[in-house]
Structure formats: C-alpha cells, structure tokens
Amino acid sequence: MTTETIQLLTPEGERVDHPEYPLGDDVDIKGMYRDMVLVRRIDTEAVALQRQGELGLWAPLLGQEAAQIGSGRALSAKDMAFPSYREHGVAWCRGVDPVKVIELFRGVNQGAWDPEEHKFHLYTIVIGDQTLHATGYAMGIQRDGAEDEAVITYFGDGATSQGDVSEAFAWASVFNAPVVFFCQNNQFAISAPSDRQSRNPLYRRSSGFGFPGVRVDGNDVLACYAVTRQALRNAREGQGPTLIEAFTYRMGAHTTTDDPTRYRLASELEAWRLRDPIERVRSYLARNGLADSTFFAQVQTEADELAAKLRAACLALPDPPPLALFDHVYAGENAILDAERAQYAAYLEGFAEAAR
Amino acid sequence: MNKEFRLPDVGEGLTEADIVSWHVKPGDTVTINQVLVEIETAKAVVELPSPYAGTVTALLVEEGQTVDVGTPIITVDVPSQEGAAPEAPAPATPAETEPEPAQSAEPLKQERQPVLVGYGVKPGSTSRRARKKPPTRPGSYPATPSGPLSGGGPALSGPFIGGVGLPPGVPVPPQARTSPRALAKPPVRRLARDLGVDLGEVPGSGPEGSVTRQDVERAASEARDRSISPDEAPAAEPDAVANLSQRGPAALEERIAVRGVRKHTAAAMVASAFTAPHVTEFLQVDVTETMAAVRRARELPEFDGVRVSPLLFVAKALLVAVRRHPLVNSSWDEAAQEIVVKRPVNLGIAVAAERGLLVPNVKGADALPLADLARSIDAVAATARAGKATPADLAGGTITITNVGVFGVDAGTPILMPGEAAILAFGQVRDLPWVVDGELAVRKVTTLSLSFDHRIVDGELGSAVLRDVGSMLEDPVRMLAWS
Amino acid sequence: MTRLTLSRALNEGLRRSLETDPKVMIMGEDVGRLGGVFRVTDGLQKDFGEHRVVDTPLAESAIVGTAIGLALRGYRPVCEIQFDGFVFPATDQIVSQLAKMRYRSQGNVALPIVIRIPFGGGIGAVEHHSESPEVFFAHTAGLRVVACADPAEAFSMIQLAIASDDPVIFFEPKRRYWDRAEVDTAAPLTDALPLTAARTVLPGDDVTLLCYGPMVRSCLEAAIAAREDGRSIEVIDLRSLSPIDMATIGASVARTSRCVVVHEAPVYAGLGAEIAARVTEQCFYHLEAPVLRVGGFAIPYPAARAEDHYLPDLDRILDAVDRTFAF
C-alpha cells in the first residue's frame with residue numbers, strides 16, 4: 001500500500017493539481033502568506049519573551065504554519081474548533097487576540113477567551129481529551145439539526161496513542177458525527193519519534209474505525225486548505241468524520257525548555273528547512289507576479305509592529321489578585337469555599353505591611 | 001541605564017565557550033534580537049542575539065578568549081523606559097537548546113530555572129513576615145441549642161426510610177435538651193472528673209464561656225472550708241512562703257500568702273479529704289528482722305551505690321500486698337460511677353521539698369527488681385527535692401507511702417492523694433520492750449498507719465492489707481513467699 | 001403520594017427532568033433499550049427517543065468526554081456509569097476537564113452534567129461492583145458530590161442535580177434500589193431540601209450519627225435498636241458530600257457533644273476524616289469524646305462471602321456508639 005500525500009504546492013513554490021481537490025481562483029493566497037508570516041513572528045517573539053522570563057513557557061508552532069493557517073482558513077464562521085495547546089495559528093484565524101494566548105503561557109490565567117464567541121475552544125493540555133469534547137459537540141450539532149455546522153479537532157501524532165482519541169474515533173464513526181480529526185504529525189512527541197506511536201501511517205488508522213483518512217503535505221498551505229475544506233463539507237453533508245494527517249515537522253522545541261539536540265540531528269532539521277511552508281508561498285507569489293517587494297516589506301513591517309505590540313501588552317499584564325483565586329469554581333453556593341475565602345482574606349489582612 | 005549581558009548556557013550544562021567574533025563594537029546602536037557575537041561551544045557555533053535595544057558601551061571580552069558561563073561579555077546602554085526586559089539573551093533562531101536562566105542586575109534576586117512546563121522552582125522565604133495581631137480562633141458553635149431541628153419536614157413526622165418506617169407505637173423522641181452543657185477542653189473535663197467536680201456547676205472564665213483548668217481547681221478548693229491537720233501536712237516550714245506582710249511594728253498577726261505548691265497541695269488535700277470517706281487503721285510491727293535485712297542488703301553488690309533504707313522494704317512490702325489485694329490500687333470515678341482498678345502500681349513517695357510537700361511517683365514500681373526500685377525511689381525523691389519534678393513525675397500515682405518517722409513521730413492519719421484509694425504511713429523505728437517466745441526482749445518496733453477510701457476499701461480489706469504489710473516486715477522471707 | 005422503590009423514584013425524577021427541559025439527555029451503557037441494568041432508565045428511550053436516551057459504546061471516558069462536548073453545545077447530559085468500580089477510566093475527563101472547566105474559563109463555560117453512579121456493597125457481587133469511590137471526587141474542587149438515601153430523596157435530588165449549573169456526581173445506593181417508601185411526586189421541587197443541605201432523619205440527644213447513601217437506613221435501624229439500651233441517637237443524612245453542611249452538623253454536635261461517622265468506604269483517608277477534623281475544630285469545647293468513624297477496613301473490597309465482615313452493620317455501628325461513651 002503506497003502512502004499518498006496530497007500536495008498542491010511544491011517546496012519550490014510550483015503549483016500542482018489534484019483531481020479530488022480542485023483549488024478555485026477565489027483562494028486568498030496572499031492572505032494566507034500574510035497570516036503565516038504574522039503567526040511565525042508572534043511565535044518568535046513569544047519564544048524571546050520566555051527567554052527573558054516574561055513567560056513560564058511557550059509551545060512553538062515553528063514549521064507548522066501551513067497546517068494551521070490552511071486548515072484554519074477552511075473553517076466557516078459557524079464551525080467549532082477544539083485545539084490542543086499549540087494551535088496559535090488556528091487561534092489567529094478564529095480571531096482570538098494573541099495576547100489571550102500569551103496570558104495562558106504567562107500564567108495569569110489558564111486560557112480565558114470565550115469559546116463560543118470565537119468558535120474556538122480553550123486549549124486542552126491533557127493529551128487527546130479534546131477529541132472527545134469535539135465528538136460530543138458534533139453529536140450536539142446533529143441533535144440541533146444544524147446542517148451548516150461542523151467541528152474540527154486538532155491533536156498531534158503522540159495523541160493518537162491515547163485511549164481517548166481511539167474512543168473519539170469509535171464514537172464519531174458509529175454516530176456518524178460531523179467532526180474532522182486534524183492530526184498534525186510533526187514527527188515528535190517531545191522526544192519520541194512518530195514511529196514510537198504507530199507502525200502504520202497515522203492516516204490509515206481511521207479505516208479500522210470505518211471512516212476515511214487522508215495524508216496531506218502539512219507544509220503546503222494550499223493542500224491543507226483544500227483537504228480540510230472538503231472534509232468539513234463532507235461532515236456537514238452528513239458523511240461523518242474524516243481523519244486528516246498533516247505531515248509536517250516541529251522545527252522548534254516541544255516547549256521552550258526542551259533540548260531537541262538530544263534526540264534529533266541537525267541534518268534532519270536542515271532537510272526540513274528546505275521545505276519551509278512560508279518560503280514556498282513567497283516563491284510562488286513572487287515568481288508569478290502575484291505580489292511585489294512592497295507587499296512583502298509591508299507584511300514584514302506589520303509583523304514587527306505586531307510583535308512589539310504583543311511584547312508591550314505582555315509586560316503590562318497584571319497578576320491575578322489573590323482573592324480572585326476563589327472565583328468561578330462553582331455556579332451555585334458553597335459555604336465551605338466561602339469560609340475559606342473569608343479566612344484567607346482575614347489572614348492576608350493580618351500582615352503588618354503589604355507584600356512586596 | 002547600563003545593562004550587562006552575561007554569557008548564557010546555550011546548551012545543556014555547558015560551562016564555557018570561546019568568543020569567535022564580535023558583530024558589534026562600542027558606539028553601535030543595536031536592536032532587540034540583533035546578533036551581537038558568535039561563540040563556539042563544544043557542540044556548535046552559536047549566534048547570541050541581543051536582549052536589549054540601545055547603544056553598545058563596552059565589549060568586556062576579546063575574540064579568541066575562553067569565557068565561563070555567567071561572565072559579563074558586553075554592556076549596552078538602554079534608554080530607560082518602562083517595561084525594559086530583565087537581563088537575559090533572547091535568541092531568535094529556532095531549535096534553541098537549553099535556555100539561559102534570567103540573570104538580574106540586582107544581586108539579591110534569586111534565579112528561577114524554567115522547566116519544560118513552566119517558570120520552574122521559586123525559592124521560598126526563610127523569614128517570617130510581620131503580623132499585626134495574633135491569630136483568631138475559627139468560629140465555634142454556641143452552647144445553647146439552635147432552634148428547631150434543621151432538615152426536611154417529612155423526616156420529623158415519622159421517618160420513612162427505605163421501607164423502615166418507625167414501628168407504630170414507637171414514639172419519636174422529644175426535642176433536644178434545653179439546658180446547655182458545660183463547655184470545656186477535653187483535658188479539663190478529665191481533671192474535673194478526677195477531682196470530682198461537676199462542670200455544670202463551675203462558672204467558666206475561658207473562651208466562649210468554657211471552663212478552664214484554673215476554674216476547676218478553684219472550685220475543688222472552694223468546695224469546703226475545713227482546715228488541714230498539721231501532722232499530715234508535713235510541708236516545709238516558712239520556706240514555702242512567698243510574702244510576709246506585717247501591719248505596723250507590733251503586728252498581732254502574720255499573714256502568709258498562699259501560693260505555689262502550698263496552694264495546690266492544699267487544694268488537692270481538701271478535694272481528697274472531703275470527697276473520700278477516710279478510715280485509718282494502725283498496726284505496731286516488730287521490724288527487727290527487716291532492719292537486719294536492710295543491713296545485709298547494703299553489703300550486696302547489687303546495692304552498690306544505692307541507698308537501702310527501711311522505706312525501701314516498706315515500699316516492697318506494700319507492692320506485694322497490692323498484688324494480693326489489687327482493689328486497693330484503684331480510684332473512685334464519681335462521674336462514671338465506677339471503681340477504676342489500675343494495673344500498674346505507680347508508687348507515690350511523699351517528699352519534703354523546699355517548695356512544700358511533693359509526691360512524685362515511681363511508675364510501674366511493682367515490676368521493678370528491688371535494686372531498681374531503690375534507685376527509682378532515690379531518683380524521684382532527689383529530683384523532687386531539687387525542685388525539678390515535672391508534672392509527669394507528679395501525676396498518675398496510684399498508691400502512696402509516707403515516712404512520718406523522720407519527723408520523730410510514731411503514727412498519724414494520712415490524707416489520701418486525690419484519686420487514690422490508700423496511703424501507708426510509717427513512723428520512727430524505736431527500741432521497745434516486746435514479747436518474743438513468751439519472754440520480754442528489746443526489739444525494733446514501728447507503727448504502720450493505713451488510711452483508705454471507705455467507698456472502695458472496706459474494713460476487712462484494709463485490715464488485710466495492713467496485716468500483710470506488717471507480716472512481711474516482721475519476717476521479710478514472707479515477701480519472697482508472696483512475690 | 002405513591003409507593004415507589006428507590007430505582008423507580010429515580011426513574012420518575014429522570015422522566016420529570018426530561019419532560020421539563022428538552023436539553024436534558026441520558027447517556028450510558030445499556031440505558032436505552034434495556035432500560036439500565038437496574039432498570040433505573042426503564043421506558044425512557046421509548047418515550048423520549050434514541051437521540052435523548054443514548055445507548056453508548058462501551059467506553060466510560062468517552063461517556064464523560066462526549067457529554068462535555070454536548071454540554072458545550074448547550075445540552076444537559078445525565079451520564080450513567082454502570083457500576084462504581086468502572087468510573088476510573090473516566091476519572092481523567094471528570095477531574096481534568098469536568099471539574100476544572102468553569103474555573104479555567106473564568107466562568108465563560110458551564111458544564112451542567114450529572115454523572116450517576118450506583119455505589120456501595122451488600123449485593124454479594126464479584127470484584128469492582130461494590131466500591132465507594134465518593135471521596136476521590138469530594139476531594140476534587142469544582143464538582144458537587146451528593147448521595148441519595150431513600151426513594152423520596154432520590155426523586156427530588158436527581159431533579160435538583162440535573163437543574164444545577166454545576167457538574168454533579170450523583171451516587172445511588174445500589175443495595176437500596178429495591179427499598180420502597182411513600183414519595184410525594186406532586187410536591188413542587190422548590191419545596192425540596194436544597195442539594196447542599198443535610199437532613200436530620202431522626203432527632204436524638206445523646207450522640208450524633210452522620211451517614212449517607214446506604215448507611216442511612218442502617219443507622220436508623222441501629223438508632224431504633226439502641227433505644228432498648230436507653231440511648232437517644234440523632235441520625236443525620238449528609239446528602240451532600242461536597243460541600244458538607246457544617247451548619248447542621250455543628251449545631252447537632254453542640255447539643256449532643258458526641259459524634260460518630262458511618263460510611264462503607266474505607267475509614268482510612270475517607271470522608272469521615274474530613275468531617276471529624278471539622279467537627280473537632282468547630283465543636284472543640286462541646287466534645288465529650290473524639291469523633292469516631294465506622295467504615296470499611298484498609299483492604300480492597302473483599303469477596304462476597306466475606307463482605308458482611310467489611311460492611312458496617314447495626315452491631316458495629318452501636319459498638320462505636322458505646323465506645324464514644326467510654327471516654
């Protein structure tokens with residue numbers, strides 16, 4: 001069995017066609033380029049902020065911009081996305097202010113944007129849990145009879161080993177739920193290479209559960225866009241789930257304190273650098289006269305300004321006030337918690353001087 | 001502000017690197033993330049990006065130099081603005097290796113080493129922040145009962161629980177008691193029981209109106225007003241007095257403040273004397289054989305360095321008698337309406353200490369071999385005399401002996417220690433005419449006085465104990481036979 | 001008033017909730033066509049359809065995980081975990097997601113989910129079907145944990161749990177499923193005791209007996225038997241295990257000055273320990289004796305023929321009462 005990987009734009013920036021995934025003229029490729037550049041710049045700035053002690057950690061998406069912007073742009077306004085914790089590119093597509101994501105990694109909250117407002121659920125740090133939430137949400141869409149809505153959920157190659165992901169596959173298929181399972185196979189789960197998770201290419205797993213799976217070049221924004229768009233359509237039309245394996249590479253570390261030099265070779269990194277997702281789009285746009293140097297310069301400036309704004313906003317974030325610790329645990333009353341809050345307030349009030 | 005940039009650890013645990021080439025010089029303007037220098041580590045050549053935007057003021061190390069991690073390598077003048085980042089390198093290249101810890105311009109600020117999932121360990125403080133006021137006690141429940149029973153209506157009119165309704169004719173018990181119970185900490189409740197004090201009758205001076213230890217002791221002593229007979233209170237003389245107050249040059253009376261040991265002793269005696277009905281029985285005993293045994297024991301190596309006295313033999317005799325008559329080693333529990341027979345014998349020894357009369361006890365005296373018993377008696381007595389007896393030494397006694405002979409008297413009516421059922425006093429050993437085998441002889445004679453709590457010990461038992469002790473002192477071999 | 005078994009009372013309560021709110025759903029293994037292994041959901045799929053009463057695949061983690069997704073979509077799922085010992089695969093979804101999501105989202109996300117769990121022993125079962133795992137969830141902030149004791153309480157409490165905007169772990173005493181009693185099915189829910197309140201089942205003077213779930217009946221029977229010894233025992237059904245109703249408990253112990261906690265779960269690190277600590281702290285000056293606990297031993301739940309030694313029975317309960325008077 002050969003592994004077919006859907007590709008519509010080569011690493012060199014040349015367009016190829018695929019009969020099952022036609023790309024219309026209305027595809028906003030310049031917009032995709034801009035999104036990827038901005039998202040990469042945010043990512044880079046966040047890593048720098050972590051190095052300076054302003055963030056506790058950061059999960060870089062470097063190298064995965066195409067998978068996230070491509071699939072993110074395929075979502076309709078009503079579709080719901082369930083990310084893991086690295087989908088800052090999809091957050092961008094869903095209109096979540098990047099500062100909100102920074103807040104989580106800075107530790108002033110645990111991810112507090114409104115999921116329904118952005119149709120983008122909070123980050124889920126427990127590996128794979130969100131795939132069940134997505135499946136349940138899709139089952140809710142079915143019960144509502146909402147035929148123009150679908151769900152997408154993001155997870156990595158490592159997550160495919162978790163039981164919850166298999167359970168989600170099983171349920172989505174037996175209930176024919178309108179959910180797209182988008183697996184970013186970035187080749188690593190911290191230090192474990194993807195062949196430690198599975199002997200089979202990951203996209204084939206879905207056939208065991210009875211629904212289609214497809215592998216796409218995860219560094220090709222056009223392919224990611226087209227394949228995701230098709231899968232979402234299928235879901236909305238009652239054809240049930242699809243598994244998309246976006247074959248990409250985690251150019252950065254797992255999180256900022258990880259040391260990838262301990263488990264992978266620089267040569268591998270270099271090989272993937274030649275398949276950079278942004279470079280190939282830039283080449284394509286430039287070579288085909290679709291964008292000029294002014295455009296590229298504008299995008300770069302916009303990226304730098306965005307980074308500076310993000311930095312300033314991050315540094316200005318206040319720590320949560322101590323008594324806010326006790327808020328939002330329950331909807332209803334809890335006398336035990338109220339007593340604890342009162343006691344802690346009295347305790348804090350008992351210091352001769354305010355804490356520095 | 002001039003900021004220093006120190007050589008970071010760009011890879012796991014690297015300790016040094018070589019400066020390969022500087023990309024900037026003093027006077028250059030640099031921006032954040034601009035490459036300042038190339039360094040070579042054991043692993044690779046790495047570019048270090050600037051964490052600051054400003055003007056380079058000095059290069060602190062030279063190309064070709066090997067530099068330790070943490071060494072300052074460059075200073076940059078940063079125009080002061082709010083939100084300036086703390087000193088740390090900010091590499092722009094991806095796939096960065098181990099990050100450098102944030103290093104501060106203030107030498108006192110602790111470093112926090114980031115970990116895979118966050119900021120890393122924050123050192124705790126080692127000194128306490130000043131508090132305004134002492135801690136408050138969390139709210140307690142009022143002594144008076146709360147209103148109607150809380151809970152759902154149906155439960156009160158006959159519970160229906162899983163088919164177990166109350167059988168017809170079984171009345172639902174009346175509402176809770178209306179008289180409030182006394183409040184007291186558990187140890188105070190115990191003390192009240194031991195002293196025979198009814199907590200409900202004692203006004204509480206403690207928190208939330210609870211009854212304190214002092215309240216109970218005061219109640220015990222206030223209970224009666226009988227004075228104490230002087231023989232049986234061999235307290236030390238005026239040494240125990242704290243203050244001498246005199247009125248005028250020719251005082252007709254002297255007032256001695258009752259404090260300290262004397263106060264507590266008095267309270268205990270009153271509590272004992274006027275709760276337990278005391279009966280005292282007397283027995284004169286020919287202790288010639290015991291005195292000889294004492295002399296012989298002194299010569300034995302087991303008793304080297306140990307004081308052997310008649311007290312020791314009297315103590316041993318009493319312990320043997322207690323084994324034969326365990327009921328005499330007990331306590332009257334008024335609250336529970338029970339006699340509590342104690343298993344180990346904690347033998348109290350009355351000691352005249354400087355502060356007053358003290359009665360430390362030897363724990364588990366019945367299990368001690370004679371030499372150890374002697375040592376223990378000596379030890380507790382010495383400790384008490386030196387004023388170093390602890391509350392543990394003084395509490396928990398189950399039966400007591402007191403040597404009134406040292407005061408030059410023969411007998412007395414000793415007062416029971418509170419919570420005990422018997423006390424044995426013995427007087428001086430005198431040479432007296434005695435009848436031995438039908439003929440007059442001069443023998444060593446002493447008088448034993450046994451007081452006991454008549455609620456627990458009747459005349460027959462008391463007499464039996466006294467007789468047994470006397471018999472053993474007449475002929476110490478009986479001590480062996482009965483052990 | 002109708003005479004109902006506890007399982008029938010739950011069935012009626014579930015039916016009431018399904019009728020009142022179209023967003024309420026029931027999901028679990030064998031809950032639909034079979035009506036549940038204890039028939040608690042009998043007849044509901046027939047009346048409310050497969051979309052609202054769902055026979056799920058055999059996957060506890062997914063039962064809770066998809067319920068979360070459905071709740072995010074606006075539904076009010078009532079999950080059934082078939083037996084107490086099988087809740088553990090779902091523990092991650094319950095503790096890491098269900099309990100935390102309101103807090104994580106700063107109040108933006110509500111998960112009004114009920115997880116029904118038959119619990120406790122006394123049915124002569126094989127392993128894993130007689131557990132009492134309530135303390136794991138009581139220890140998890142963000143969850144409400146309750147246990148019903150009799151048919152009347154079951155009827156009202158299940159409806160209150162479903163109506164709550166907080167996630168509720170709802171424990172049902174499986175050995176009491178067949179107990180019958182009068183239930184006022186016409187009484188408005190607003191008259192019922194709130195979910196956070198404890199209930200004085202039998203008033204008394206001498207000692208407070210605290211219990212929940214299957215032990216409430218056992219404690220009542222013990223209290224009635226103790227009258228022959230001249231003892232007046234106050235029995236309180238805790239109902240809410242998180243939070244516990246300290247106001248009711250404290251007022252009772254302040255009057256009786258003695259307290260015994262009874263549960264099937266092991267005594268070691270069980271709910272009784274939390275209650276004992278709080279009662280001691282709040283009623284210190286009132287106590288004549290320390291708070292005693294009766295419960296399972298620090299062993300895995302034993303084989304069926306030995307379980308009578310493990311479960312607190314009338315004699316062990318009254319023995320603890322005797323011991324509290326020995327201080």
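Residues numbered from 1 in each chain as written. Chains lettered and ligands numbered in written order. Predicted model: local features only at pLDDT ≥ 70, side-chain atom pairs only at ≥ 80, totals over all residues. Heavy atoms only, no water.

K.L.:
Help me understand the pairing of strand β4 (residues 179-185) of chain A in this model?
P.N.:
Taken residue by residue, a regular strand's side chains alternate between the two faces of the sheet. Residues and elements named next belong to chain A. Of all the seven residues making up β4, seven are buried; the element is thus mostly covered by neighbouring parts of the structure. A two-sided burial pattern is seen for β4, the buried positions comprising V179, F181, C183 and N185 on one face and V180, F182 and Q184 on the other. Where strand β3 (residues 151-156) lies against β4, six bridges are found, and the strand directions are parallel. Within the sheet, the bridge partner assigned to G156 lies in β4 and is Q184. (Buried < 20%, exposed > 50% of the residue type's maximum accessible area, 1.4 Å probe, protein only. Helix = DSSP H or I, 4+ residues; strand = E, 2+ residues; numbered from the N terminus. Pairing = 2+ DSSP bridges.)

K.L.:
How should I be thinking about the side chain of E281 of chain B in this particular structure?
P.N.:
Within the secondary structure layout, E281 of chain B lies in strand β13 (residues 278-286). Of note is the side chain of E281 of chain B, whose polar atom sits 2.9 Å from the side chain of S463 of chain B. (Polar contact = N/O pair within 3.5 Å; in protein donor to acceptor, adjacent residues only side chain to side chain.)

K.L.:
What's the story with the domain arrangement of chain C in this structure? I'm lost.
P.N.:
How large an interface is tends to be reported as the accessible area lost when its parts come together. Residues and elements named next belong to chain C. For chain C, the assigned domains are domain 1 (2-191) and domain 2 (199-325). In this structure, domain 1 and domain 2 have C-alpha centres spaced 26 Å apart. Opposite the 27 residues of domain 1 that make contact, domain 2 presents 23 residues. Roughly 2000 Å² of surface becomes buried between domain 1 and domain 2 when both sides are summed, with 51% attributable to carbon and sulfur atoms. Broken down residue by residue, the surface that domain 1 buries against domain 2 is led by E134, R175 and R176, which jointly contribute 21%. Counting every contact that joins domain 1 to domain 2 gives five salt bridges. Among the salt bridges present, the one from E264 reaches R175, with a minimum N-O distance of 2.8 Å. On inspection of domain 1 and its partner domain 2, the count reaches 13 residue pairs in polar contact (both at pLDDT 80 or more). (Domains from an automatic or database assignment. Contact = heavy atoms within 4.5 Å. Buried area = accessible area lost by both parts, 1.4 Å probe. Salt bridge = Lys/Arg side-chain N within 4 Å of Asp/Glu carboxyl O.)

K.L.:
Would you mind going over the packing of helix α1 (residues 29-51) of chain A against helix α12 (residues 293-315) of chain A with me for this structure?
P.N.:
For any two helices packed against each other, the geometry is given by the interaxial angle and the distance between the axes. Residue and element names in this part refer to chain A. Across the interface, α1 lies against α12 with an axial gap of 9 Å and an inter-helix angle of 35 degrees. For the pair α1 and α12, the crossing hand works out as right-handed. For the contact of α1 with α12, the class distribution of residues is 15 nonpolar, one polar and seven charged. (Axes fitted to C-alpha atoms, helices over the stretch in contact; angles between N-to-C directions. Left-handed = near helix turned anticlockwise from the far one by under 90°. Nonpolar A, V, L, I, M, F, W, Y, C, P; charged D, E, K, R; others polar.)

K.L.:
Even after reading the chapter, I still don't get the nonpolar core, so can you show me in this structure?
P.N.:
Considering soluble globular proteins, one finds that nonpolar side chains tend to be buried as a cluster. In this structure, F181 of chain A together with I94, L111, I113, I115, I169 and V279 of chain C are the most contacted members of the largest nonpolar core, which totals 78 residues. Setting aside residues up to four positions removed in sequence, I94 of chain C forms contacts with V64, V87, A99, I115, F137, L143 and I169 of chain C. Membership of the second largest hydrophobic core comes to 74 residues, among which are L61, A74, L122 and V299 of chain A. (Core = buried A, V, L, I, M, F, W, Y, C linked by side-chain atoms within 4.5 Å.)

K.L.:
For this particular structure, what's the right way to read the interface of chain A and chain C?
P.N.:
Residue-level contacts link 43 residues of chain A with 48 residues of chain C. Across the interface of chain A and chain C, roughly 3600 Å² is buried in total on both sides, 58% from carbon and sulfur atoms. Linking chain A with chain C are three salt bridges, by the criterion used here. Residue E149 of chain A is joined to R73 of chain C by a salt bridge in which the shortest nitrogen-to-oxygen separation is 2.6 Å. Taken together, chain A and chain C are joined by 22 residue pairs in polar contact (both at pLDDT 80 or more). Going through the elements one at a time, α5 (115-118), α6 (129-144), α7 (163-174) and α13 (335-349) of chain A are the ones with two or more residues in the side of chain A that touches chain C. No other element matches the 11 residues that α6 of chain A contributes to the side of chain A that touches chain C.

K.L.:
Can you walk me through the packing of aromatic side chains in this structure?
P.N.:
Two aromatic rings are characterised by how far apart their centres lie and by the angle between their planes. Taken as a whole and assessed by the stated rule, the structure comprises 34 aromatic pairs over all chains. A centroid spacing of 5.6 Å and a plane angle of 75 degrees characterise the contact between F169 of chain A and F209 of chain A, whose relative ring orientation is edge-to-face. Here F169 of chain A, found in helix α7, pairs with F209 of chain A, found in helix α8 (residues 205-209); they are 40 residues apart in sequence, far enough to count as distant. Assessed through its relative accessible area of 28%, F209 of chain A is described here as partly exposed. Seen in terms of ring centroids, F38 of chain C and F83 of chain C are 5.5 Å apart; in terms of plane orientation they differ by 70 degrees. Their pairing is edge-to-face. Here F83 of chain C lies in the loop between β4 (76-80) and α4 (91-98) and F38 of chain C lies in the loop between β2 (24-28) and α2 (44-48), a separation of 45 residues in the sequence. For the pair F38 of chain C and F83 of chain C, a shared accessibility class is recorded, and that class is buried. (Phe/Tyr/Trp six-rings, centres within 6.5 Å; stacked < 30°, edge-to-face > 60°.)

K.L.:
Can you help me understand a nonpolar patch on the surface in this one?
P.N.:
The grouping of L323, Y344 and Y347 of chain A at the surface amounts to a nonpolar patch, some 260 Å² of accessible area in total. Tracing the sequence through the fold places Y347 of chain A in helix α13. (Patch = residues over 30% accessible without salt bridge, like charges linked within 9 Å, V, L, I, M, F, W, Y side chains within 5 Å. Areas by Shrake-Rupley, 256 points an atom, 1.4 Å probe, with all protein chains shown as cover.)

K.L.:
Where do I start with helix α4 (residues 98-106) of chain A in this structure?
P.N.:
Count 3.6 residues to each turn of an α-helix, and residues three or four apart come out pointing the same way. Residues and elements named next belong to chain A. Burial within α4 is extensive, with eight of its nine residues counted as buried. P98, V99, V101, I102, E103, L104, F105 and R106 are the residues of α4 that are buried. Downstream of α4 by one or two residues, G107 has phi in the positive range, about 90 degrees.

K.L.:
Would you mind going over unusual backbone geometry with me for this structure?
P.N.:
Negative phi characterises most residues that are not glycine, and trans characterises most peptide bonds. In this structure, the amide linkage connecting S242 of chain C to the following residue, P243 of chain C, adopts the cis form with an omega of -5 degrees. Even without being glycine, E208 of chain B reaches a positive phi, approximately 55 degrees. Tracing the sequence through the fold places E208 of chain B in the loop between α2 (186-195) and α3 (213-222). Given the relative accessible area of 38%, E208 of chain B is considered partly exposed. Positive phi is not limited to glycine here, since R39 of chain C has a value of about 65 degrees. With respect to the secondary-structure elements, R39 of chain C resides in the loop between β2 and α2.

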